[in-house]
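# Notes for the structure review
Spelled out from the first residue to the last, the chains are:
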Amino acid sequence: MTSTGTIFQREINAYFLSPIAYVVIAVFTVFSGYFFSIMLGITQESTLRYSLAYTQFILSILTPVITMRLLAEENKTGTIEPLMTAPVTDFEVVFGKFLAAWALYNVMVAPTAFYIIFLAWVGNPDYGAIIASYIGLVLMGGLFISIGLMVSAITKNQIVAAVIGIVALLILLVIGLASSGNEGWFYSALRYIGTYDHWDTFTKGIVDTRDVVYYLSFTALLIFIVVRIVESRRWR
């Protein structure tokens, strides 16, 4: 097994040996199910679009809970030092932790697949829009995890990491939502930086390369920044 795989396995085991994984999965399932049932009753349409409109808000709160311990706990307990002296690169450490958190995120989202089965039973859903929405969910998860990982890298307190991560993700949601529908270069810039429009496009069944590039490029940039933060600790 590669070093990245070893880190990945270590973090996945840590998640499921603690209550974190079960709590976030349960909370997300309850709230996403609630919004699904409410919006289905209101719209009477065989679609996930309206219920998924609330998903970004739920994930903005839960994703930092997934990432809060990744590096903050290592910094607090001092286990980051022996990890840095092990035969493993900074990138392998960061990427292994990122993949583990991203895997848990996708496991958390997976139960929503039952909604598709229900929609197929009661109606004729647009599977193209559903597939596009799940592609967006996976990509958005990568960005959210990378933001939470960066916040976890700069603090030693898990609670502080969770709070800052939640605030950061909600700010990205709000600035995108507030600038939607407004004209001008300033609002266009805010819409691009914010996450609302990028996610909304996927829920409409459109996989736009600009949105894919947005998620992948920012995720890669943030992972690069986290690697540099971890590297700076090695040289202190």
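Residues numbered from 1 in each chain as written. Predicted model: local features only at pLDDT ≥ 70, side-chain atom pairs only at ≥ 80, totals over all residues. Heavy atoms only, no water.

The name given to the protein chain in an unreviewed UniProt entry is ABC-2 type transport system permease protein, with the source organism recorded as Candidatus Brocadia sinica JPN1. Annotation of the protein chain in UniProt includes, under Subcellular location (unreviewed entry), the sentence "Cell membrane". (UniProt positions renumbered as here; feature names shortened; annotations may be inferred.)

### A word on the confidence of the model for the protein chain
Mean pLDDT over the protein chain: 84, with 88% of residues reaching 70 or higher. Mean pLDDT per element in the protein chain: helix α6 (residues 80-85) is the minimum at 60, and helix α7 (residues 90-109) is the maximum at 92. (pLDDT = per-residue confidence, 0-100. Helix = DSSP H or I, 4+ residues; strand = E, 2+ residues; numbered from the N terminus.)

### Some thoughts on the packing of helix α9 (residues 127-153) against helix α10 (residues 158-179)
Relative orientation of the contacting elements α9 and α10 amounts to 140°, with a least axis distance of 9 Å. Considered as vectors, α9 and α10 are oriented oblique to each other. Of the two elements, α9 crosses α10, and the hand of that crossing is right-handed. Where α9 abuts α10, its residues F144, I147, V151 and S152 lie against A161, I164, G165, A168, L169 and L172. Residue composition of the contact of α9 with α10, grouped by class: 8 nonpolar, 2 polar and no charged. (Axes fitted to C-alpha atoms, helices over the stretch in contact; angles between N-to-C directions. Parallel < 35°, antiparallel > 145°, perpendicular 65-115°, else oblique. Left-handed = near helix turned anticlockwise from the far one by under 90°. Contact = heavy atoms within 4.5 Å. Nonpolar A, V, L, I, M, F, W, Y, C, P; charged D, E, K, R; others polar.)

### Concerning the UniProt feature "transmembrane region" (unreviewed entry) in the protein chain
Per the UniProt entry, the sites bearing "transmembrane region" (unreviewed entry) are residues 20-42, 54-72, 93-121, 127-147, 159-178 and 212-230 in this numbering. As annotated, residues 93-121 has a helix share of 90% and a strand share of 0%, and its two end C-alpha atoms lie 44 Å apart. Between the end C-alpha atoms of residues 212-230 there is a gap of 27 Å, over a span that is 100% helix and 0% strand.

### Comments concerning the pattern of salt bridges
Summed over all chains, the structure comprises 7 salt bridges. Close ionic contact of R10 with E11 constitutes a salt bridge, the shortest N to O distance being 3.1 Å. Measuring nitrogen to oxygen at the nearest pair gives 3.8 Å for the salt bridge that ties D197 to R191. A single network of salt bridges, built from pairs that share partners, joins R10, E11, R69 and K97. (Salt bridge = Lys/Arg side-chain N within 4 Å of Asp/Glu carboxyl O.)

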